[in-house]
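Structural features, examined
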Amino acid sequence: MAEQPRKIKLAIVGGGIAGLALGAGLKKKSHIDFHIYESVPAYKDVGAGLALHMNAIKAMTLIGPEVRQAYFEKAMEMGEEDQEMSTEVILAQGPNQGELVAELGKAKGRKTVSRADLLDGLLELVPKENISFNKRLEKIEESDDGIRITFKDGSETHADCMIGADGIHSATRSYILGPDHPATEPKNHDGWQIYRTMVTAEFAREHINPKWTRTVPILLGPRGHVNCIPLNKGTRLSAGVAVRGAKFTASGQAPDLDPELYKDYSEDAQRIVRLVARDPSASWTAADHDHAPTYFKGRVAMMGDAAHASMPFAGNGAAQALEDAAVLDHLFSKVTQAEHIAAAFSAYDATRRPRSQAVVDLARKFGRVYAYAEEGMHEDPGRMKQFFGGAAAFTNNADLQRQNDDAMKLFEGAVGGGADGAEGVAPEGVEVV
Ligand code: FAD
């Protein structure tokens, strides 16, 4: 009897959107033995709402139609898949008040979803035995025979390679770049504070224009932009005011949100500001990553927010995490020997780093445009429309099949004839003669 090829042992650290989506793809590859290590004991709903753009939906479809389906099931009522939806960007202050300057991420079946609901949906796709909770990565050591990972509880595991999907404050990023590298820690260059409230949709309808409890508006002005995201199939609403250049105290405390500062905004926007100011307990301080010079070191790579956390203004952080997962999932279909890992990570880095870092830059620019801080832009809605149109084309309309193909070409070029692919590995239980 021929010896079965040894499986590639892959540790994924972090079971957020990136880690779970990658796991959902890898479980279909019989030559990969993967395990997800997640630090929290269980997912908590912190009220983050996501409006996934078309590129996110395309990336999920590339990983598998069941991934896209998991999103649809959590995000919307049955039967809504054919309805087009977009994020409406409207000027709320100044001489062009009321002008619609962008419809972002327009797509059929596009809906909002809470992060917690999406995680639940993705988790259902990952076999229970492939994920451990309460496992916080503390130390990574690489040697000739692979990676040793130590967790906070003192336990250890060994793998051929590791992918850190451990979010914006990533320990993997610190390992890859070094703790003192200027791009390791996230930064808040423009002093963004996001004031946010979570209310029931019923309560919101009594206080704001009911229209904004069903769609995703972004109402712009120089002292902050106002935004609403319906969640939990329309039963709850996340409403926020994002302020650029907030005057933080020396201890990092943001000032209270003062609705009086928004008197020259549209009535719709002012009502949302007052709703947020009532109970801004879901507020947070935003940050993003400066460009990392690489997304991998040896047999350790990073993905998702760990690699390229962005400001939330372009609505594309999760989408980029899903694009990473689609490319890595595709590459690992051909990683049948440990010797292929470096080539796969190199192809992933070359394919994904430029695009995902361009999105980080774009999200910063979105923030400045939203805050009327890009010269000449808000006085000229035509220019604004052009900017948003170009940005939407870059994020939304990307050819992700081609991105996968380009990554695979790089990988195959590097390993030469050595990449025999998953089809070269016998499924479990099948004897190779
Ligand atoms: P995370 O979701 O942060 O997951 C990281 C996981 O790693 C977590 O589960 C964490 O517990 C775990 N972890 C951390 N440290 C360790 C450790 N040491 N050991 C083990 N596990 C660890 N994106 C969009 O595409 N569209 C949007 O509309 C959008 N809106 C947003 C709105 C808000 C308010 C915010 C904050 C973000 C938004 N984003 C949006 C961005 C999106 O939420 C993130 O880009 C996405 O969640 C990144 O996924 P991730 O899996 O990389 O990281």
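Residues numbered from 1 in each chain as written. Predicted model: local features only at pLDDT ≥ 70, side-chain atom pairs only at ≥ 80, totals over all residues. Heavy atoms only, no water.

On to unusual backbone geometry. Phi at asparagine 134 takes a positive value of approximately 65°, unusual for a residue other than glycine. Turning to its location among the elements, asparagine 134 is positioned in the loop between strand 7 (131–132) and strand 8 (137–143). (Helix = DSSP H or I, 4+ residues; strand = E, 2+ residues; numbered from the N terminus.)

Bringing the sheet that holds strand 8 into the picture now. As summarised here, the arrangement of the three strands in space is 8-9-10, forming an open sheet in which the pairing is antiparallel. Bordering the open sheet on either side are strand 8 and strand 10 (156–159), each of which pairs with just one other strand. Strand-to-strand twist across the sheet, computed as the mean angle between neighbouring axes with direction ignored, equals 20°. For strand 9 (residues 146–151) and strand 10, the ladder comprises four bridges, and the chain directions are antiparallel. Within strand 10, the residue paired with isoleucine 149 across the bridge is threonine 157. (Pairing = 2+ DSSP bridges. Axes fitted to C-alpha atoms, helices over the stretch in contact; angles between N-to-C directions.)

This paragraph deals with the confidence of the model for the protein chain. In this model, the protein chain carries a mean pLDDT of 90, and residues with pLDDT of at least 70 account for 91%. This model gives residues 422–433 a pLDDT under 50, and the stretch forms 19 contacts once residues within four places in sequence are excluded. (pLDDT = per-residue confidence, 0-100. Contact = heavy atoms within 4.5 Å.)

With respect to the element layout, glutamate 323 can be found in helix 9 (residues 317–332). At 3.2 Å, the side chain of glutamate 323 forms a polar contact with the side chain of glutamine 403. (Polar contact = N/O pair within 3.5 Å; in protein donor to acceptor, adjacent residues only side chain to side chain.)

What follows concerns the site of the ligand. Residues in close proximity to the ligand total 29 residues, the closest being Ala18, Glu38, Ala51, Arg115 and Asp305. Contact between the ligand and serine 39: a nitrogen atom at 3.2 Å from a main-chain N or O atom of the residue. One nitrogen or oxygen atom from the side chain of aspartate 305 is found 2.8 Å from an oxygen atom belonging to the ligand. Surface burial for the ligand is 86%, taken as the share of its 1000 Å² of free accessible area covered by protein chains. Class assignment of the residues belonging to the shell around the ligand gives a composition of 13 nonpolar, ten polar and six charged. (Near = heavy atom within 4 Å. Areas by Shrake-Rupley, 256 points an atom, 1.4 Å probe, with all protein chains shown as cover. Nonpolar A, V, L, I, M, F, W, Y, C, P; charged D, E, K, R; others polar.)

The next thing to look at is the packing of helix 2 (residues 54–63) against helix 9. Here helix 2 crosses helix 9 at 25°, and the two axes come no closer than 8 Å. Relative to helix 9, the element helix 2 is oriented roughly parallel. Once helix 2 is placed against helix 9, the crossing between them reads as left-handed. Residues Asn55, Ala56, Ala59, Met60, Leu62 and Ile63 of helix 2 form the contact with helix 9, whose participating residues are Ala319, Gln320, Leu322, Glu323, Ala325, Ala326 and Asp329. In terms of residue class, the contact of helix 2 with helix 9 is made up of nine nonpolar, two polar and two charged. (Parallel < 35°, antiparallel > 145°, perpendicular 65-115°, else oblique. Left-handed = near helix turned anticlockwise from the far one by under 90°.)

On to the pattern of salt bridges, then. For the coordinates displayed, the defined rule picks out 25 salt bridges. The partner of glutamate 267 in a salt bridge is arginine 274, and the shortest N-O contact between them spans 3.3 Å. In this structure glutamate 267 comes out as partly exposed when scored by relative accessible area, which is 45%. For the salt bridge of aspartate 290 with arginine 364, the shortest nitrogen-to-oxygen distance reads 2.8 Å. In this pair, aspartate 290 sits in the loop between strand 16 (284–285) and strand 17 (296–297) while arginine 364 sits in helix 10 (residues 341–370), placing the two residues 74 residues apart along the sequence. Among the charged side chains, a network of salt bridges with common partners joins Lys139, Glu141, Arg148 and Glu156. (Salt bridge = Lys/Arg side-chain N within 4 Å of Asp/Glu carboxyl O. Buried < 20%, exposed > 50% of the residue type's maximum accessible area, 1.4 Å probe, protein only.)

Further remarks concern the pairing of strand 13 (residues 216–220). Counted residue by residue, strand 13 has five buried out of five residues, so it is predominantly covered. For strand 13 and strand 14 (residues 225–231), the ladder comprises two bridges, and the chain directions are antiparallel. When the bridges of strand 14 are listed, isoleucine 218 appears paired with asparagine 227. Count of turn residues in the strand 13/strand 14 antiparallel hairpin: four residues, of which glycine 224 carries a positive phi of about 140°.

On strand 11 (residues 161–164), burial covers both faces: Cys161 and Ile163 on one face and Met162 and Gly164 on the other are all buried. Summarising the sheet, strand 1 (residues 8–13) and strand 11 pair through four bridges and their orientation is parallel. Looking across to strand 11, one finds that alanine 11 is bridged to methionine 162. In this structure, strand 11 lies alongside strand 18 (residues 300–302), joined through three bridges in parallel fashion. Across the sheet, methionine 162 pairs through a bridge with valine 300, a residue of strand 18.

The subject of this paragraph is the packing of aromatic side chains. Following the criterion strictly, the structure yields 14 aromatic pairs and no others. Geometrically, the ring pair formed by phenylalanine 332 and phenylalanine 345 is tilted, given 6.0 Å between the ring centres and 55° between the ring planes. Of this pair, phenylalanine 332 sits in helix 9 while phenylalanine 345 is found in helix 10, placing the two residues 13 residues apart along the sequence. Here phenylalanine 332 matches phenylalanine 345 in class, with each residue buried. Ring geometry for tyrosine 370 versus phenylalanine 388: centroids 5.9 Å apart, planes at 35°, classification tilted. Of this pair, tyrosine 370 sits in helix 10 while phenylalanine 388 sits in helix 11 (residues 381–396); the two residues are 18 residues apart in sequence, bridging distant segments of the chain. Taken individually, tyrosine 370 and phenylalanine 388 each receive the classification buried, so the pair is uniform in this respect. Ring-pair connections join several aromatic residues into one group, and the members of that group are Trp192, Phe313, Phe366, Tyr370, Phe387 and Phe388. Note that lysine 297 overlies the ring of tyrosine 175, its terminal NZ or CZ placed 4.3 Å from the centroid. (Phe/Tyr/Trp six-rings, centres within 6.5 Å; stacked < 30°, edge-to-face > 60°. Lys NZ or Arg CZ within 6 Å of the ring centre and 35° of its normal.)

A few words on the packing of helix 10 against helix 11. Taken N-terminus to C-terminus, the directions of helix 10 and helix 11 make an angle of 155°; their axes are 11 Å apart at the nearest point. One finds that helix 10 runs roughly antiparallel with respect to helix 11. Judged by the twist between their axes, the crossing of helix 10 over helix 11 is left-handed. Between helix 10, through Arg355, Ala358, Val359, Leu362, Lys365, Phe366, Val369 and Tyr370, and helix 11, the contact on the second element is made entirely by Met384, Phe387, Phe388, Ala391, Phe394 and Thr395. Here the contact of helix 10 with helix 11 is built from residues that sort into eleven nonpolar, one polar and two charged.

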